[in-house]
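Working through the structure, step by step
If you want the building blocks of each chain, they are given just below.
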Amino acid sequence: MNFLRGVMGGPSAGPQPSGAETIQKLCDRVASSTLLDDRRDAVRALKSLSKKYRLEVGIQAMEHLIHVLQTDRSDSEIIGYALDTLYNVISNDLEEEEQEENLPKQVDDLGSQFTEIFIKQQENVTLLLTLVEEFDFHVRWPGVKLLTSLLKQQGPQVQQIILVSPMGVSRLMDLLADSREVIRNDGVLLLQQLTKSNAAIQKIVAFENAFERLLDIITEEGNSDGGIVVEDCLLLLQNLLKNNNSNQNFFKEGSYIQRMKPWFEVGDDNCGWSAQKVTNLHLMLQLVRVLVSPTNPPGATSSCQKAMFHCGLLQQLCTILMATGVPADILTETINTVSEVIRGCQMNQDYFASVNAPSNPPRPAIVVLLMSMVNERQPFVLRCAVLYCFQCFLYKNQKGQGEIVSTLLPSTIDATGNSVSAGQLLCGGLFSTDSLSNWCAAVALAHALQENATLKEQLLRVQLATSIGNPPVSLLQQCTNILSQGSKVQTRVGLLMLLCTWLSNCSIAVTHFLHNPANIPFLTGQIAENLGEEEQLVQGLCALLLGISIYYNDNSLENYRKEKLKQLIEKRIGRENFIEKLGFISKHELYSRAAQKPQPSFSIPDHMMFDHEFTKLVKELEGVISKAIYKSSEEDKKEEEVKKTLEQHDNIVTHYKKVIREQDQELEELKQRINTLTSQNEQLQATVTQQVSQIQQHKDQYNLLKVQLGKDTQHHNSHSDTFQMNGIQMEEVSKLREELEEWKNKHELLQGQLREKDAVIEKLKSSQLEMGTTEQSSQTSKSGGLEHNNDLQKELEMLRTQIQLQSAEISKLQIENQKLQVMTPNTSADPALGDSGAAAANNSEVEGRLEQEIKELKSKVKALCEEKESLKQHLDSSSSTVAILQDEKSKLQQEVAESKKEQDDLLVLLADQDQKLSALKIKLKDLGVPVEDEDDIESGDQGDEDEDGDEEEQD
């Protein structure tokens, strides 16, 4: 203890040992002590000395500390001390009072050297990864800090060791899910160092659900209003996405772009932005730019641009763009971000053209931005950003180019002068006194003409009023007039770039340019002079413009044909000198900077000389102009003939393309008709199949009924040999109906005869009554009258009996006819009937039985339908009951999960308290204070008694 007191600064007798000696003794104690407490105390002492005696501790104790990590895994306290000591030795994050001006380089070397010693054995890094998995705070947190420091010192080497380690990256991803914010935040810093410049690790981290976790953390911390944790997460996201096409595609396919929209909801009150919020929003905008960077593959960039439009992210950015009170650097970065979101995407460019600024009257956002660009009082970086935005708006956007140029044409200029158009702003900037405005306006106008020959021709119609009383001059003429006046270099460079872009690939514009007799002498004079270095750039651009005038010359002007212009160069300048001056452009340092990326990024305004798209034009034309200068007239003629032939071929190809396009359209229409007819045919086929199946069902039902009817008829015909039922035909039915009609007619005839006889009888009776009172009649006449009367009575009786028989037969036939009429619609053939009345009676019995069976079957079907409905209602009620029970089950499961989580948190707290109590007891023991463990023993006995009591209750 005396030794430790001396180390820790306590009073001691005798001379004080040096730091190296003390560290040596502590290392010996760590290596030789058998008691864990002694080793722990020695490691704790080394930790306290590691900052002051960093070199000595690193040299003498590193091996012993690594051994402690390997052997004393069971004691978290000593492991924590060892990890802290190693971190102090390896890390370069020294306290401010220990830093001096001459130490930084030495400190960096020291940390790097100790890191090399530690990672020389790869097992040490693997061991550290295993310790980081421990849940104990005193082990995990120092382990995370130590691993982060190793990655800072020797990043590539440590990354490779972790990459080949089994589940190495996956172990570190668990840090993001730690409930302790300190470890989670340091885990983000660790992953920042781990993912730097290593695409393989970036992919593994991304597919370990890093995007989801990081976006959740950003949302929990308050998005742009969050603290430095949000900044760290954004930096990690940039590491994962920048220059990594696989991760960018995964980010887009995972619908994570949609989750970025809430980041930019800044609200109406934009005053009082904190520095952290500005930093966070700046990083968020940069993250959007990473996804739509022009250096990404075009397909990936286009899909991200479309996703940003559909989820409303572009609209949100435009809201920030037009808001008031936004800090200047955020506004500048927002303009750059919107520029790359709309670059080359027609849908986004059309939306941006429709955005209006909240002014009275409303003005298009493009006009408001151009007003800032040509205003010399605006910040330089903001003007560069607006120029970039305008360039991106016109990139591959012929519709937008046409709208800009149309604002310059005489027919579309607003006569009232109430509103300022984009074309008027560009012309105003082109001829203002500010050279930067001249350059920006010239480059912007050049982008409106990029790869669009039609607009180049239309721009020749633009007329400018220079002063009152003077006739207007063309825009082309005004540009050449300003060039000849000898303005600033930046202004002349901008105008020359505009003229080169305008005249390239446009013979009509070249003719208009050559029509001014002062232009060619001015260019040759500029090229032939020997001027300083500042003017060499202007000479090179003049040579390029003269070369374009030769290469795209259609020889329509006799005095400025190609051959004459070449002779003029040969006489006044010299071919070699001309080629040398032309080469000044591509050799210039500012040209190389501009050719690197589309965004204009310049440190000072004087460096704004070249545009990215113009560098492409120079690269394309420099070689062909050099060849054109050395070609003879014969070669020019041959080339013209070849061009004409190629043009003819192109026309033929264009014609055939048009024919093929029309045929393709016809084919598409025919295909659509075929598809329509095919679908209709399939529908009809399905209908036919359904009808065939229905017919088959009807046939089956008919055959079944026929068989049943045949069986019943055969059973009844067993008593009669004369009758056999084979089916009733329609012809036989008609015969029966005819016979029935005949019998009716006979019946009516007999009734008429009967009525006649009754009339005769009535006459006879009346005559008999009249003759009853007369007694003078003879005996002969009396007997004759009586006989005649008797004959009439007999005949009357016979007629009556005959009528009764016929009426009975008629009634039977009527009943039979009714039955046949009932059976005829339900069957395709009627049963054949005999002439006897017994067959009709048997048939009627069979029909009655069938009707009774049909009624019974219908009643059964009705009962079954009612039973089905009741079962269906019961099933619906059961389903609703099951849904209610499932909802209650899910709620109970959620409550159980929450209670489990609370229990886990309580267990962690209890474990921490137990560790603290044990540590306090050890300290009390070291101080000599007696500590009794009777409470623990009593609590243990009480626990045993409780368990015995529970067992008895269970029994």
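What counts as what
- Residues numbered from 1 in each chain as written.
- Predicted model: local features only at pLDDT ≥ 70, side-chain atom pairs only at ≥ 80, totals over all residues.
- Heavy atoms only, no water.
- Helix = DSSP H or I, 4+ residues; strand = E, 2+ residues; numbered from the N terminus.
- Buried < 20%, exposed > 50% of the residue type's maximum accessible area, 1.4 Å probe, protein only.
- Contact = heavy atoms within 4.5 Å.
- Areas by Shrake-Rupley, 256 points an atom, 1.4 Å probe, with all protein chains shown as cover.
- Salt bridge = Lys/Arg side-chain N within 4 Å of Asp/Glu carboxyl O.
- Phe/Tyr/Trp six-rings, centres within 6.5 Å; stacked < 30°, edge-to-face > 60°.
- Arc of directions from axis to C-beta.
- Expected span 1.5 Å × (residues − 1).
- Axes fitted to C-alpha atoms, helices over the stretch in contact; angles between N-to-C directions.
- Parallel < 35°, antiparallel > 145°, perpendicular 65-115°, else oblique.
- Nonpolar A, V, L, I, M, F, W, Y, C, P; charged D, E, K, R; others polar.
- Left-handed = near helix turned anticlockwise from the far one by under 90°.
- Patch = residues over 30% accessible without salt bridge, like charges linked within 9 Å, V, L, I, M, F, W, Y side chains within 5 Å.
- Lys, Arg positive; Asp, Glu negative; His and termini not counted.
- Charge placed at Lys NZ, Arg CZ, Asp CG, Glu CD.
- Polar contact = N/O pair within 3.5 Å; in protein donor to acceptor, adjacent residues only side chain to side chain.
- pLDDT = per-residue confidence, 0-100.

**Quick notes on the overall build of the chain**
Counting its secondary structure elements, the chain contains 40 helices and four strands. When the 955 residues of the chain are sorted by exposure, 40% land in the buried category. When contacts within the chain are restricted to residue pairs at least 6 apart in sequence, long-range pairs at least 24 apart make up 72% of them. Roughly 54,800 Å² of accessible area belongs to the chain as shown, and the carbon and sulfur atoms make up 52% of that amount.

**Comments concerning the pattern of salt bridges**
Considering all chains together, one arrives at 26 salt bridges under this definition. The residue R492 makes a salt bridge to E535 at a minimum N-O spacing of 2.8 Å. Of the two residues, R492 sits in helix 28 (residues 489–503) while E535 sits in helix 31 (residues 533–551), which places them 43 residues apart along the sequence. Grouping residues by exposure puts R492 and E535 together as buried. Through salt bridges with shared partners, one network takes in D37, R40, D75 and E77.

**So, the packing of aromatic side chains**
Counted under the stated rule, the structure contains twelve aromatic pairs. For the ring pair F137 and W141, a centre distance of 5.5 Å and an interplane angle of 25° mean the geometry is stacked. Within this pair, F137 and its partner W141 are both found in helix 8 (residues 137–153), separated by four residues, close to a single helical turn. Judged by centre distance (5.9 Å) and plane angle (35°), the rings of F211 and F250 are tilted. Of the two residues, F211 sits in helix 13 (residues 210–221) while F250 sits in helix 15 (residues 245–253), which places them 39 residues apart along the sequence. Take F211: its relative accessible area is 0%, and that puts it in the buried class.

**A short note on helix 30 (residues 519–528)**
For helix 30, the full list of buried residues reads N519, I520, L523, T524, Q526 and I527. Projection of helix 30 onto a plane perpendicular to its axis shows the buried side chains occupying an angular sector of 160°, all on one side. Buried-residue contacts for helix 30 involve helix 27 (475–484), helix 28, helix 29 (507–515), helix 31, helix 32 (562–572) and helix 33 (575–587).

**Observations regarding unusual backbone geometry**
Not every positive phi belongs to a glycine, and K396 is a case in point at roughly 55°. In this fold, K396 is placed in the loop between helix 22 (380–394) and helix 23 (398–406). Judged by relative accessible area, K396 falls into the exposed class, the value being 64%. Phi is positive for N555, which is not a glycine, with a value near 60°. By the secondary structure assignment, N555 is in the loop between helix 31 and helix 32.

**Some words on helix 19 (residues 328–342)**
Taking 1.5 Å of rise per residue, 15 residues should cover 21 Å, and helix 19 covers 21 Å from first to last C-alpha, within 8% of that figure. For helix 19, the set of buried residues is I330, T332, E333, T334, I335, N336, T337, V338, S339, E340, V341 and I342. Among the structural elements, helix 16 (275–291), helix 17 (298–310), helix 18 (313–322), helix 20 (346–354), helix 21 (365–373) and helix 22 are those in contact with the buried residues of helix 19. With its phi angle positive at about 75°, G344 sits one or two positions after the end of helix 19.

**Overview of the packing of helix 25 (residues 435–448) against helix 28**
Orientation of helix 25 relative to helix 28, taken along the N-to-C sense of each, is 10°, at an axis distance of 8 Å. Classified by the angle between their axes, helix 25 and helix 28 sit roughly parallel to one another. Contacts between helix 25 and helix 28 pair S435, L436, N438, W439, A442, V443, L445 and A446 from the former with Q490, T491, V493, G494, L495, M497, L498 and T501 from the latter. A per-class count over the contact of helix 25 with helix 28 returns ten nonpolar, six polar and no charged.

**Things to note about the packing of helix 3 (residues 36–49) against helix 4 (residues 54–71)**
Their axes nearest at 11 Å, the elements helix 3 and helix 4 cross at an angle of 150°. One finds that helix 3 runs roughly antiparallel with respect to helix 4. In this structure, the crossing between helix 3 and helix 4 has a hand that is left-handed. Each of V43, L46 and L49 in helix 3 lies in contact with helix 4, whose residues at this interface are R54, V57, A61, L65 and V68. Here the contact of helix 3 with helix 4 is composed, by residue class, of seven nonpolar, no polar and one charged.

**A short note on a negative patch on the surface**
A surface patch of negative charge is lined by E895, E898, E902, D904 and D905. Along the chain, E895 falls in helix 39 (residues 837–926).

**Brief notes about the environment of Q24**
Secondary-structure assignment places Q24 in helix 2 (residues 19–32). Q24 sits 22 residues away from L46 along the chain, and the two C-alpha atoms are 9.9 Å apart.

**Here we look at a nonpolar patch on the surface**
Together, I652, Y656 and I660 line one region of the surface with nonpolar side chains, adding up to about 310 Å² of accessible area. Inspection of the secondary structure assignment puts I660 in helix 36 (residues 633–716).

**Things to note about the side chain of S293**
Following the sequence through the fold, S293 ends up in the loop between helix 16 and helix 17. Among the polar contacts listed, one links the side chain of S293 to the side chain of T295, at a separation of 2.9 Å. Ignoring sequence-local partners within four residues, the contact set of S293 consists of T301 and E340.

**What to know about the confidence of the model for the chain**
Of the residues in the chain, 78% reach a pLDDT of 70 or more, and the chain-wide mean stands at 81. For residues 951–955, every residue scores under 50 in pLDDT, and the model assigns this stretch zero contacts once sequence neighbours within four places are set aside.

**A short note on the environment of E457**
Looking at where E457 falls in the secondary structure, it is placed in helix 26 (residues 453–459). Distance in space between the C-alpha atoms of E457 and C506 is 7.6 Å, their sequence separation being 49 residues.

**Regarding the environment of F207**
Tracing the sequence through the fold places F207 in helix 12 (residues 199–207). Along the sequence, F207 and F251 sit 44 residues apart, while their C-alpha atoms lie 10.0 Å from each other. In this structure, F207 is in contact with S246 and F250, ignoring residues within four places of it in sequence.

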